[in-house]
Amino acid sequence: MSRMPDFLIIGAARAGTTALYEYLRQAPDVFMPDGKEPNFFCYEGLNLDCQGPGADFINNSITDLARYQALFDPAPEGAILGEASPLYLYEPRSAARIHHHVPEARLVVILRNPIEQAFSHFMRAQKLRIEPLTDFTEALKAEDSRLAKGWQPMFGYSSFPRYGEQLARFLALFPRDQILVRRYEDFDADPAAMVAEVQTFIGADTAHRPDVGKRHNAGGVPRNAAFQDFLMKPNPITGTLGAVLPRRLRWQVRDLIAGFNLRDQRPAISPEARAILVSRLQDDVAQLGDLLGEDFSGWLRG
């Protein structure tokens, strides 16, 4: 009998979701598919035709229910099933689709300072060599035109971390105790404690302590752009490797090598870019505080 997930890591992007996914996968009583970010609840039943750089990330999403359920076929009997697709928090239709298919699912959310999240998304896009602009301020100014052309949501740098309006959609459908919301700062400071809290929340055995020493999915500016293009963009050599290596292993090798090509010093966000983000996000940060009964105003102070 086909099964569906017992829990979902729904966001936010660039807030430690890849690390949490990797840590939870180490637990013997938890099963998460090899492919992170199937995005099924974002795009169920749709014919995808995303445009612009990196469009394959969206266009390769799983949109068929049978294919999605097949992701969990290898799970051992009795395992707690989960998956991680940070786009669920962002995509307006995800909450209703999740509630339709798995209304009892536990939902895990990690929120990162939206100013830092937006800049981290930009840095990730630079690492992947899909961001044509080198100036973050210019990228922020280009958001509306890019999204109007059908570019993938990543390029909506300031619309992606609107957590208040996003969480409101889930809280309108799910009981509050079914959604675990935590801050990235706490996860970054003590990942083992956060993993144990998530394990408790999803009903997993906290006696298992995963190895949390490895950093996952970091962004940054490449030292050598041509070499980064070679790693990240299709070419005969990487295509040959892709034909013989499983996708997950291929991406692990790619990201390991790419990490050595990143500059040691990460650039800082410019005052102009920060001011744009504060102006665009301050209303949403206030909404988030009202929703959760917490003070998030510190996020907007430089």
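Preceding this section is the structure that the text describes.
Conventions adopted
Residues numbered from 1 in each chain as written. Predicted model: local features only at pLDDT ≥ 70, side-chain atom pairs only at ≥ 80, totals over all residues. Heavy atoms only, no water. Helix = DSSP H or I, 4+ residues; strand = E, 2+ residues; numbered from the N terminus. Buried < 20%, exposed > 50% of the residue type's maximum accessible area, 1.4 Å probe, protein only. Contact = heavy atoms within 4.5 Å. Areas by Shrake-Rupley, 256 points an atom, 1.4 Å probe, with all protein chains shown as cover. Pairing = 2+ DSSP bridges. Axes fitted to C-alpha atoms, helices over the stretch in contact; angles between N-to-C directions. Polar contact = N/O pair within 3.5 Å; in protein donor to acceptor, adjacent residues only side chain to side chain. Parallel < 35°, antiparallel > 145°, perpendicular 65-115°, else oblique. Left-handed = near helix turned anticlockwise from the far one by under 90°. Nonpolar A, V, L, I, M, F, W, Y, C, P; charged D, E, K, R; others polar. Bend = angle between axes of the 7 residues up to and from the residue.

Draft legend 1. Here's a closer look at the overall build of the protein chain. When you go through the protein chain residue by residue, the secondary structure sums to 16 helices and five strands. Counting over 302 residues, the protein chain shows a buried share of 49%. Across the protein chain, contacts joining residues at least 24 apart in sequence account for 75% of those joining residues at least 6 apart. Summed over all atoms, the accessible surface of the protein chain reaches about 14,300 Å², with 52% contributed by carbon and sulfur.

Draft legend 2. Focus on the sheet that holds strand E5 (residues 179-183). Strands sit in the order E2-E3-E1-E4-E5 across an open sheet of five strands; the sheet is parallel. Of all the strands in the sheet, the pair left with one neighbour each is strand E2 (30-31) and E5. Bridge analysis of strand E4 (residues 106-111) against E5 gives five bridges, and the strand direction is parallel. Looking at the pairing, Ile110 lines up with Arg182 of E5. Strands strand E1 (7-11), E2, strand E3 (80-84) and E4 of the sheet are contacted by helix H1 (residues 17-25), whose axis makes an angle of about 160° with E1. Across the sheet, helix H12 (residues 191-202) lies against E1, E2, E3, E4 and E5, angled at about 175° from E5, the strand it touches most.

Draft legend 3. Just unusual backbone geometry, in detail. Cis peptide bonds are those with omega within 30 degrees of zero, and the linkage from Gly11 to Ala12 qualifies with -5°. Mapped onto the fold, Ala12 is located in the loop between E1 and H1. Here the phi dihedral of Glu37 falls at roughly 65°; this positive angle occurs in a residue that is not glycine. Within the secondary structure, Glu37 is located in the loop between E2 and helix H2 (40-43). Given the relative accessible area of 23%, Glu37 is considered partly exposed.

Draft legend 4. Up close: the side chain of Thr18. Here Thr18 is to be found in helix H1. Residue Thr18 is classed as buried on the basis of its relative accessible area, which comes to 14%. Within the structure, Thr18 has its side chain in polar contact with the side chain of Lys36 (distance 3.2 Å).

Draft legend 5. Representation of the packing of H1 against H12 within the structure. At a minimum axis separation of 11 Å, H1 and H12 run at an interaxial angle of 65°. By the angle between their directions, the pair H1 and H12 is classed as roughly perpendicular. Handedness of the crossing formed by H1 with H12: right-handed. Touching Leu20, Tyr23 and Leu24 of H1 are Pro191, Val195, Val198 and Gln199, all from H12. Looking at side-chain class alone, the contact of H1 with H12 contains six nonpolar, one polar and no charged residues.

Draft legend 6. Seen up close, the side chain of Gln199. Its location among the elements puts Gln199 in helix H12. With near-sequence residues (within four places) excluded, Gln199 lies in contact with Leu24, Ala27, Ala204, Asp205, Thr206 and His208.

Draft legend 7. Seen up close, the environment of Gly289. On the secondary structure map, Gly289 appears in helix H16 (residues 271-292). Here the alpha-carbon distance between Gly289 and Gly164, two residues 125 residues apart in the chain, equals 7.8 Å. With residues up to four places along the chain from it excluded, the contact list for Gly289 reads Glu294 and Phe296.

Draft legend 8. Representation of H16 in the model. At Leu281, H16 shows its strongest bend, of approximately 50°. Considered for burial, the residues of H16 that qualify are Ala273, Ile276, Leu277, Val278, Leu281, Asp284, Val285, Leu288, Gly289 and Leu292. Packing partners of the buried residues in H16 comprise E4, helix H7 (114-127), helix H8 (136-141), helix H10 (163-171) and E5. Immediately beyond the C-terminal end of H16, within one or two residues, lies Gly293, with a positive phi of roughly 70°.

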